[in-house]
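A structural walkthrough
Here's the letter readout for the chains.
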Amino acid sequence: MRDDVVQVHDAALGLLHPGENWLAHPIAFPAPAPPVVPFAHHLLDGCYGTISDSTAEFIDLESDGFDSARDERGLSMIALLLDCAVAISADNLVEANRILHELNQLASPYSASCAERVVAYFAKALGSRVMNSWTGICSPLMVPHKAILSCFESFGNASPFVKFAHFTANQAILEAIQRTDRVHIVDLDIMHGLQWPALFHILATRPDGPPHVRMTAFGPSAEGIGKRLASFARRLGVPFEFEPVAKRPGDVHPSEIVARRRQGEEQAVAVHWLQHALYDAAGSDHNTMRLVEMLRPRVVTLVEQEAPSARGGPFLDRFMGALHYYSVMFDALGESLPTVDDAERHRVEQGILGREIDNVVAVGGPARSGEQKLGSWRGELARRGFAQLAMSRNALEQAQMTLNLFPSPSPPGYTILHGDGTAKLGWKGTALYTASAWTAETLYSNGQT
């Protein structure tokens, strides 16, 4: 196995992950399947469609990146895609496979049409879903971390999403640890460590000198990233210690991490968690949340994708949520990188957005793993007594400055939404990422444990 590929048991998103190119050779199913559930897919002049009586959700195709769906071909592809999802939900795999074969001839991920690219990636994910359901083959999800790093760099260059997550969280951490001599940062999924050099730069310029920074980082590539961060911190004159944990936080008993805290040492604890749908970074959500509780952090910075599809639930609901969310994401990315053959855009759509669509739609969701996942981390923190820290004016200004680095149409496409203490990055009024900050200090000052 190559060094940059790590096998992950994807408990959050299911167990099944088939090969990439089966759609080129559709499966011939030998047995009859149940009839297709009737599908009310009247695509009206206002570009709205509804998928079933049980799904009280509508898709605004025009505002969500489906402008080209006004033409007959675009509408036809979208209607086929929705029909296929209904067939899969009814276990009508023969009909689903027939529709997928047709979609595979119509939609290309290289198309100039945003709608066609979205349909192509969802058709691929639905094809994998059909094969999973038919064969029952179970295999670990492969996570090529080096390839994802390259895609994330392109993602950060093409859109403000990555910088928004990093800079907004860093600002909240800086405000929480000011005038602190020692800080312990716990990164629940360090990924590639792209967030922390900017924080170290600011800490190095503090008038009273930088604090001593200790970092505990979870993830399979944590050790190598730690060496690079240590070298960077040394050049800046920031005292730095790094403790890698080559596991997911939910796979480690919380007491193992908490026991490593030095007795009698005063330090501010900052926990960072960037939640995404690329792979299951947490493992057991409940163990991860218990770890956060036991660390008694001064601040928890949380950045969540506003994708209800990533939080489990019935297949049809998950599909509809994903179609709504990712059509907006594709529209935003297409606006930033409009060139038809733009390699950067394709790298991001295939390596980031397409992978997330596969995980949410194809792999199967929490129901297949049997593990109960948290629907909303913000809601769970509040339920457990954490107090929300309102995003400061500086944090909101930092977020707005991030948007100014990227071209935007008129009226503006990217927007910063706030008003509930969070900072939300949206596209044309639809929230896509939400950053929030929390503290456990009030919780423990009230005597709770």
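This text follows the structure it describes.
1. Considering the overall build of the protein
- Within the protein, the regular secondary structure consists of 15 helices and 13 strands.
- In the protein, which comprises 449 residues, the proportion classed as buried is 57%.
- Excluding contacts between residues fewer than 6 apart, the proportion of contacts in the protein whose partners are at least 24 apart in sequence is 80%.
- When the accessible surface of the protein is split by element, carbon and sulfur atoms take 53% of a total near 18,700 Å².

2. Considering the nonpolar core
- Membership of the largest hydrophobic core comes to 125 residues, with the highest contact counts inside it found for Phe122, Phe200, Phe319, Tyr326 and Val361.
- Ranked by the residues each element gives to this core, the list is headed by helix 10 (residues 315-336), at 13 residues.

3. Describing helix 9 (residues 285-295)
- Asp285, Thr288, Met289, Leu291, Val292, Glu293 and Leu295 are the residues of helix 9 that are buried.
- A positive phi of about 50 degrees marks arginine 296, the residue just after helix 9.

4. Here's the deal with the pattern of salt bridges
- Applying the stated criterion to the full structure yields 17 salt bridges.
- When the shortest N-O distance is used, the salt bridge between glutamate 102 and arginine 98 registers 3.7 Å. With glutamate 102 and arginine 98 both in helix 2 (residues 93-106) and four residues apart, this pair spans about one turn of that helix.
- Residue class for arginine 98 comes out partly exposed when judged on its relative accessible area of 44%.
- Across the salt bridge formed by glutamate 380 and arginine 384, the nearest N and O atoms sit 2.7 Å from each other. Here glutamate 380 and arginine 384 have matching classes, each one buried.
- Put simply, Arg290, Glu293, Glu380, Arg383 and Arg384 are held in one network by salt bridges that share partners.

5. Topic: the packing of helix 4 (residues 145-158) against helix 5 (residues 161-176)
- Direction vectors running N to C along helix 4 and helix 5 enclose 90 degrees, while the axes themselves pass 6 Å from each other. Judged by the inter-axis angle, helix 4 sits roughly perpendicular to helix 5. Counting all contacts with helix 4, which are made through Phe152, Phe155, Gly156 and Asn157, the residues of helix 5 involved are Phe161, Val162 and Lys163.
- For the contact of helix 4 with helix 5, a count of residues per class yields four nonpolar, two polar and one charged.

6. Things to note about the packing of aromatic side chains
- For the structure on display, the rule yields 12 aromatic pairs.
- Between phenylalanine 152 and phenylalanine 155 the ring centres are 6.2 Å apart and the planes differ by 70 degrees, which places this aromatic pair in the edge-to-face class. In this pair, phenylalanine 152 and phenylalanine 155 both sit in helix 4, three residues apart, roughly one turn of the helix. There is no split in this pair, since phenylalanine 152 and phenylalanine 155 are both buried.
- Seen in terms of ring centroids, tyrosine 414 and tryptophan 427 are 4.7 Å apart; in terms of plane orientation they differ by 65 degrees. Their pairing is edge-to-face. One end of the pair, tyrosine 414, is in strand 11 (residues 414-418); the other, tryptophan 427, is in strand 12 (residues 423-427), and 13 residues separate them in sequence.
- One aromatic cluster is present, formed by Phe152, Phe155, Phe161, Tyr414, Trp427 and Tyr433 through successive ring pairs.

7. Description of unusual backbone geometry
- Phi is positive for aspartate 91, close to 60 degrees, though the residue is something other than glycine.
- In this fold, aspartate 91 is placed in the loop between helix 1 (72-89) and helix 2.

8. Examining the packing of helix 10 against helix 11 (residues 343-362)
- As a packed pair, helix 10 and helix 11 sit with axes 10 Å apart at the nearest point and diverge in direction by 170 degrees. Compared by their axis directions, helix 10 and helix 11 come out roughly antiparallel. Across the interface between the two elements, Phe315, Arg318, Phe319, Ala322, Tyr326, Met329, Phe330, Leu333 and Gly334 from helix 10 touch Arg345, Val348, Glu349, Leu353, Glu356, Ile357, Val360 and Val361 from helix 11.
- Class assignment for the residues of the contact of helix 10 with helix 11 results in 12 nonpolar, one polar and four charged.

9. A closer look at the pairing of strand 9 (residues 299-305)
- Within strand 9, seven of the seven residues are buried, which leaves the element mostly enclosed by the surrounding structure.
- Neither face of strand 9 is left uncovered, since the one carrying Val299, Thr301, Val303 and Gln305 and the one carrying Val300, Leu302 and Glu304 both have all their residues buried.
- Both strand 8 (residues 268-274) and strand 9 contribute to a ladder of five bridges, which runs parallel. Within the sheet, the bridge partner assigned to leucine 274 lies in strand 9 and is valine 303.
- As a crossover connection, the stretch from strand 8 through helix 9 into strand 9 is right-handed.
- As defined by bridge partners, strand 9 adjoins strand 13 (residues 430-439) across six bridges and the pair is classed as antiparallel. When the sheet's bridge partners are listed, valine 303 is paired in strand 13 with alanine 435.

Conventions and cut-offs
Residues numbered from 1 in each chain as written. Predicted model: local features only at pLDDT ≥ 70, side-chain atom pairs only at ≥ 80, totals over all residues. Heavy atoms only, no water. Helix = DSSP H or I, 4+ residues; strand = E, 2+ residues; numbered from the N terminus. Buried < 20%, exposed > 50% of the residue type's maximum accessible area, 1.4 Å probe, protein only. Contact = heavy atoms within 4.5 Å. Areas by Shrake-Rupley, 256 points an atom, 1.4 Å probe, with all protein chains shown as cover. Core = buried A, V, L, I, M, F, W, Y, C linked by side-chain atoms within 4.5 Å. Salt bridge = Lys/Arg side-chain N within 4 Å of Asp/Glu carboxyl O. Axes fitted to C-alpha atoms, helices over the stretch in contact; angles between N-to-C directions. Parallel < 35°, antiparallel > 145°, perpendicular 65-115°, else oblique. Nonpolar A, V, L, I, M, F, W, Y, C, P; charged D, E, K, R; others polar. Phe/Tyr/Trp six-rings, centres within 6.5 Å; stacked < 30°, edge-to-face > 60°. Pairing = 2+ DSSP bridges. Right-handed = clockwise from strand over helix to strand, strands pointing away.

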